[in-house]
Structures are given as structure tokens and as C-alpha cells.
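Each chain is listed here by its residues.
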Amino acid sequence: MRGVAESVSTLVHSPLPADTLLETLLGNGEGIFVLSHTADPSLKNLQSETFPASDIEAIRTRIKELSPKTQLFFGLARRTCELKAGKRGGNKDISHVPLIGMDIDVADPAKPHKDLPASQEGALKILEAFKLPPSLTISSGRGIHAYWFLRDEIVISDDAERKSAELLVENFYRGFAEFAFPYQFDATHDIARMLRYPGSLYLKEPSNPITVEILSFDPGRLYSVEEITKAGSQKP
């Protein structure tokens, strides 16, 4: 089994970043944490499981069970309450936003119409040059998942606060897109998004599984909502 991160100089081998990611995701233990998994290369039959965010040991155990053998995804934000079996929930179910995550594509023959960085190294350089460089980056298989950890997580208790959080994330995405132009990146910015968990597998080619690996981590990069706002698009 190989990992595409092997050639990236910022690769981190310590387990600490993954522990910090999980602790950040669970925050103060309020709300519900979601994991989804499937061994299907096309991501069919995705199964979702929910856990009280306060039960970190149960979550760690399940991640260790699933990561070596399947494609494992996690909710970037915690849900308000338990969901129906197999459900991941949507924006209306979100109660806590501890970080912002972004999917960064790199050049792919399957996406010739998109102007993308030629390599993960190129994408990392763009991310590091941004006014707010990410706290954590992960090799997602073919691209990069970048995360900005919030100094204080956003707590959502009503529709107005939910709309404010959605707008914050949307504008942050737009701000990065304006900075990175002419490169084109995934504009999916919903706060209920699921992304790949480090240590799990990317199985688009089942005969050649790729491990989802941590590329870089800086625990000092904690950002306030004000900083995220300023880094976002200022265009109306």
C-alpha cells in the first residue's frame, strides 16, 4: 500500500495531529459526531454512524476499527441531536462548527476542463501563501483537504446563527478562490460537509489503495471568527 504524500517534504509522522483533529472536532463534548464509511470505490452504500461527542473513547475505537479497511469520512461540524439510522444530516442539523475544511483538487486527466495546480506540492504552496495558512493539511488520495481550526467554535442555536455560519464559510471559500485565481477549486462549502479521515483508505482503484495521510500541521494556527471574516471575499 502506498501514500501519495511520500514525496511531500512537510509530511508529519507523529500521531499527534490526528489526535488534535479529533479533539478539535469534538470540542466541549456537546452535540453529535458523525462517521460515514464504505468500501465501495464509487462511494455507494455509504453507512453513517453517530456518537455523542462526549464519548471520545468510543469514537477513537470505531475509527481504529474502520480506518485500515475502508473509506472513512467525518462530519466537519457536530449535529444537534441523534439522527435516524444511516443519516448524516444537513445544514439544518448543525449545532457546533469547530473548523473550516476545504477540498483542494490537483491536476487530473479526468478533469481536463479545470485549471488546477500540477501537484500536491504546488497546491500546498498556494495554501501556505494565503493570508491565513491552514492549521492542517491532509492528502485525500488525489488532492488535499485543508483545515482551519477556530479559536472558539461557532455555536448555532437558531436559524439566524446558522445563516451567519453558512455565510462566513461561503465568503471564506470565495476569498480563497479570489486569492488562488486562475486556479479553480471545489466550491462546495456547506457546513454539514463530510471529508476523509486520516489513516483511512482511498479506494478509487481497489487494486492500488492509497492511505489518507497528514501532510502538514501547525497547532499554533488557531483563527478567530473575525480573522476568518477578514480573509473572506469582500465583494458583494
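A short tour of the structure in this document, coming up. Note that the structure is predicted; figures quoted are calculated from it, not measured.

1. A short note on the overall build of the protein
Then, in step 1: Scanning the protein for helices and strands turns up five helices and 12 strands.
Then, in step 2: Per-residue burial over the protein gives 50% buried out of 236 residues.
Then, in step 3: Long-range contacts, defined as pairs at least 24 residues apart, comprise 71% of the intrachain contacts of the protein with a sequence gap of at least 6.
Then, in step 4: A gap of 4 Å separates the mean positions of the 27 positive and 32 negative side-chain charges of the protein.

2. Considering unusual backbone geometry
Then, in step 1: Along the chain, F181 connects to P182 via a cis peptide bond; the corresponding omega equals 15 degrees.
Then, in step 2: With a phi close to 65 degrees, L43 is a non-glycine residue in the positive phi region.
Then, in step 3: Locating L43 in the fold gives a position in the loop between β1 (32-38) and β2 (47-52).
Then, in step 4: Since its relative accessible area comes to 34%, L43 is described here as partly exposed.
Then, in step 5: Positive phi, close to 55 degrees, is recorded for N45, a residue that is not glycine.

3. Overview of helix α2 (residues 56-66)
Then, in step 1: Within the span of α2, buried status applies to I59, I63 and L66. When α2 is viewed along its axis, its buried side chains cluster within an angular range of 75 degrees and face the same direction.
Then, in step 2: Those residues of α2 that are buried are in contact with α1 (16-26), β1, β2 and β3 (71-75).

4. Section: the environment of P219
Then, in step 1: Of note, P219 is situated in the loop between β11 (213-217) and β12 (222-223).
Then, in step 2: Owing to a relative accessible area of 53%, P219 belongs among the exposed residues under this scheme.
Then, in step 3: Sequence separation of P219 and L16 is 203 residues, and the distance between their C-alpha atoms is 9.8 Å.

5. Structural notes on the packing of α1 against α2
Packed helix pairs are characterised by how far apart their axes lie and by the angle those axes make with each other.
Then, in step 1: Interaxial distance between α1 and α2 falls to 12 Å at its minimum, and their mutual angle equals 135 degrees. Classed by the angle they form, the pair α1 and α2 counts as oblique. By crossing handedness, the relation of α1 to α2 is classed as right-handed. Every residue of α2 that contacts α1 at L22, E23 and L26 is listed here: I56, I59, R60 and I63.

6. Brief notes about the packing of aromatic side chains
Then, in step 1: Per the counting criterion, the structure on display carries seven aromatic pairs.
Then, in step 2: Aromatic side chains F130 and F176 sit 5.2 Å apart centroid to centroid with 90 degrees between the ring planes, which places their arrangement in the edge-to-face category. Highlighted residues: F130 in the loop between α3 (120-129) and β6 (136-139) and F176 in helix α4 (residues 159-180), separated in sequence by 46 residues.
Then, in step 3: On the basis of relative accessibility, which here comes to 1%, the residue F176 falls in the buried class.

7. Notes on the pairing of β11
Where a strand is regular, its side chains alternate between the two sheet faces.
Then, in step 1: Burial of β11 is extensive: four of the five residues sit out of reach of the surface.
Then, in step 2: One ladder, built from four bridges, connects β6 with β11; its direction is antiparallel. Bridged to I138 within β11 is I214.

8. A word on the side chain of H37
Then, in step 1: With respect to the helices and strands, H37 occurs in strand β1.
Then, in step 2: Judged by its relative accessible area of 8%, H37 falls in the buried class.
Then, in step 3: Within polar-contact distance, the side chain of H37 engages the side chain of E49 at 2.8 Å.
Then, in step 4: Other than its neighbours up to four places away in sequence, H37 contacts N45, L46, Q47, E49, R62, L66, T70, Q71 and L72.

9. Describing the nonpolar core
Then, in step 1: With 33 residues, the main nonpolar core has I104, L132, W148, F172, F176 and I228 as its most contacted residues.
Then, in step 2: Taken together, the elements giving at least two residues each to this core come down to β5 (94-104), α3, β7 (144-155), α4 and α5 (225-231).
Then, in step 3: The element that contributes the greatest number of residues to this core is α4, accounting for seven residues.
Then, in step 4: With 24 residues, the next largest nonpolar core counts L21, L26, L66 and Y147 among its residues.

10. Notes on the pattern of salt bridges
Two side chains carrying opposite charge are able to pair once their charged atoms lie near each other.
Then, in step 1: Under the definition given, this model contains 12 salt bridges.
Then, in step 2: Two residues, D93 and K92, come together in a salt bridge whose shortest N-O distance is 3.4 Å.
Then, in step 3: Relative accessible area serves as the criterion here: at 16%, D93 is assigned to the buried category.
Then, in step 4: Among the ionic contacts, a cluster of salt bridges with common partners joins E23, E57 and R60.

Definitions and cut-offs
Residues numbered from 1 in each chain as written. Predicted model: local features only at pLDDT ≥ 70, side-chain atom pairs only at ≥ 80, totals over all residues. Heavy atoms only, no water. Helix = DSSP H or I, 4+ residues; strand = E, 2+ residues; numbered from the N terminus. Buried < 20%, exposed > 50% of the residue type's maximum accessible area, 1.4 Å probe, protein only. Contact = heavy atoms within 4.5 Å. Lys, Arg positive; Asp, Glu negative; His and termini not counted. Charge placed at Lys NZ, Arg CZ, Asp CG, Glu CD. Arc of directions from axis to C-beta. Axes fitted to C-alpha atoms, helices over the stretch in contact; angles between N-to-C directions. Parallel < 35°, antiparallel > 145°, perpendicular 65-115°, else oblique. Left-handed = near helix turned anticlockwise from the far one by under 90°. Phe/Tyr/Trp six-rings, centres within 6.5 Å; stacked < 30°, edge-to-face > 60°. Pairing = 2+ DSSP bridges. Polar contact = N/O pair within 3.5 Å; in protein donor to acceptor, adjacent residues only side chain to side chain. Core = buried A, V, L, I, M, F, W, Y, C linked by side-chain atoms within 4.5 Å. Salt bridge = Lys/Arg side-chain N within 4 Å of Asp/Glu carboxyl O.

Bear in mind that shape data such as this cannot, by itself, settle questions of function.
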